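The primary structure of each chain is shown beneath.
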Amino acid sequence: MRPDVKETFKGSGAGARPAPSPPAPAALAAKVRTLAPSMTRSMQRVAEAVAGDPAGCAALTVTGLAARTGTSEATVVRTSRLLGYPGYRDLRLALAALAAQQATGRAPAVTADIAVDDALPDVVAKLAQEEQQCLADTAAGLDLTQLEAAVAALAAARRIDVYGIGASNLVGQDLVQKLLRIGLIAHAHSDPHLAVTNAVQMRAGDVAIAITHSGRTTDVIEPLRVAFDHGATTIAITGRPDGDIASYADHILTTSTARESELRPAAMSSRTSQLLVVDCLFVGVAQRTYETAAPALSASYEALAHRHSPRAPNR
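Below, the structure is looked at part by part.

About the cut-offs
Residues numbered from 1 in each chain as written. Predicted model: local features only at pLDDT ≥ 70, side-chain atom pairs only at ≥ 80, totals over all residues. Heavy atoms only, no water. Core = buried A, V, L, I, M, F, W, Y, C linked by side-chain atoms within 4.5 Å. Buried < 20%, exposed > 50% of the residue type's maximum accessible area, 1.4 Å probe, protein only. Helix = DSSP H or I, 4+ residues; strand = E, 2+ residues; numbered from the N terminus. Contact = heavy atoms within 4.5 Å. Expected span 1.5 Å × (residues − 1). Arc of directions from axis to C-beta. Pairing = 2+ DSSP bridges. Salt bridge = Lys/Arg side-chain N within 4 Å of Asp/Glu carboxyl O. Axes fitted to C-alpha atoms, helices over the stretch in contact; angles between N-to-C directions. Parallel < 35°, antiparallel > 145°, perpendicular 65-115°, else oblique. Nonpolar A, V, L, I, M, F, W, Y, C, P; charged D, E, K, R; others polar.

Here we take up the nonpolar core. Proteins that are soluble and globular tend to have nonpolar side chains buried together. In this structure, Ile 160, Ile 209, Leu 253 and Leu 281 are the most contacted members of the largest nonpolar core, which totals 29 residues. At the level of secondary structure, the elements contributing two or more residues to this core comprise helix 9 (144-155), strand 1 (160-163), helix 10 (167-181), strand 3 (207-211), strand 4 (233-238) and helix 13 (266-288). At six residues, helix 13 tops the list of elements feeding residues into this core. Not counting the four nearest positions on each side in its chain, Ile 209 is found in contact with Leu 154, Ile 160, Asp 161, Val 162, Tyr 163, Leu 175, Leu 224, Ile 235 and Ile 237.

Compared with the 21 Å implied by 1.5 Å per residue over 15 residues, the 21 Å span of helix 7 (residues 88-102) between its first and last C-alpha is a close match. Those residues of helix 7 lying buried are Tyr 88, Leu 91, Ala 94, Leu 95, Leu 98 and Ala 99. For helix 7, the arc enclosing every buried residue in end-on projection is 140°, short of the 170-degree limit, so these residues lie on one face. Exposed side of helix 7, more than 90 degrees from the buried face: Arg 89 and Leu 93 are the residues found there. The inward-facing, buried residues of helix 7 abut helix 2 (28-35), helix 3 (41-52), helix 4 (54-58), helix 5 (62-69) and helix 6 (73-82).

In terms of residue burial, strand 4 counts as a mostly covered element, since five of its six residues are buried. The pairing of strand 3 with strand 4 spans five bridges and is parallel. In the strand pairing of strand 4, Ala 208 is matched with Thr 234. With four bridges connecting them, strand 4 and strand 5 (residues 251-254) associate as parallel partners. Looking across to strand 5, one finds that Ala 236 is bridged to Ile 252.

Bringing the pattern of salt bridges into the picture now. Per the counting criterion, the structure on display carries ten salt bridges. Taking the shortest distance from any N to any O, the salt bridge between Lys 178 and Asp 174 comes out at 2.6 Å. Highlighted residues: Lys 178 and Asp 174, both in helix 10, separated by four residues, approximately one helical turn. On the basis of relative accessible area, Lys 178 is assigned to the partly exposed category, the value being 23%. When its relative accessible area of 25% is taken as the criterion, Asp 174 is described as partly exposed.

What follows concerns the packing of helix 5 against helix 6. Between helix 5 and helix 6, the least distance of the axes is 8 Å, while the angle of their chain directions is 100°. The orientation of helix 5 relative to helix 6 falls into the category roughly perpendicular. Seen from helix 5, the contacting residues are Val 62, Thr 63, Leu 65 and Ala 66; seen from helix 6, they are Glu 73, Val 76 and Val 77. When grouped by side-chain class, the residues that make up the contact of helix 5 with helix 6 number five nonpolar, one polar and one charged.

It is worth spelling out the sheet that holds strand 2 (residues 186-189) at this point. Taken in spatial order, the five strands of this open sheet run 2-1-3-4-5, and their pairing is parallel. Either end of the sheet is taken by a strand with one partner, and the two such strands are strand 2 and strand 5. Between one strand axis and the next, the sheet turns through 15° on average, direction left out of account. Its contacts with the sheet place helix 12 (residues 218-229) against strand 1, strand 3 and strand 4, and it is angled at close to 160° to strand 3.

Once that is clear, we can look at helix 14 (residues 290-304). Structurally, the α-helix is built with 3.6 residues per turn, so residues lying three or four positions apart point the same way. An ideal rise of 1.5 Å per residue puts 21 Å on 15 residues; helix 14 measures up with 21 Å between its terminal C-alpha atoms. The complete set of buried residues in helix 14 reads Ala 293, Ala 294 and Ser 300. Buried residues in helix 14, looked at end-on, bunch into an arc of 130°, giving them a common side. Those residues of helix 14 that are exposed and aimed more than 90 degrees away from the buried face are Glu 291, Thr 292 and Glu 302.

Right, dumping it as structure tokens:
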């Protein structure tokens, strides 16, 4: 285990993970949608109450909210902390701010599940609405302190490894292709055995990225743990910041997700927000390394230009 592990978990010291910023009021509903599946039923009642009626809940004391939701004061406080607020007082202030925003008259987004007998135009409209909401939720809930730290680590990295399985691997490959085009050394690993054997070679100055919506995918957690233990800076892109993956991540970038349904599984709904996060990482790195990134991009375009020749004349 690397020397700075204890300091990282304590939240102090040179190797400490940056303290997460409380979510903005507009991100509260997104946080509830993302974290509700991992909450206890009593915590879900608190989360659903504050997201559904921010104005009413903002007027309640911790005792009042516990009574309204049929829970305990301790449950209210735990829910507040899980949603990213230091305590109930901070959550209450965010609720008041959210209520003020809603009072401006902006209508909430309307979403609906896709039915097996939906007409294709309805499918298109529903998917578009869900994806827009997913992107908005992810952007609102993204911790910019964590993102900035992740960008800085990637920009200075000697080597970058990305781990993902299934749809998450496709997102990882997308990131790696972008990083390669600006001259960084990056690899995407989908084979779990190869991922672990490569992670053994990671050192301080290297960066390992794990992409897992559930935060519990063993084939992704294991190589990240190995990279973490060998001193690499580790980044988790996940929809479950309280999942097992968090134990081995220096920086956590939380993604939101649209509601799952029979015709819209998790692999579809998580991919949209993951792609937004990797695009944010890439653009941030390209900005920091612009003097080398811009010439590298130009060279890659020129190298492929002959493959995009005008259509041949009719013969």
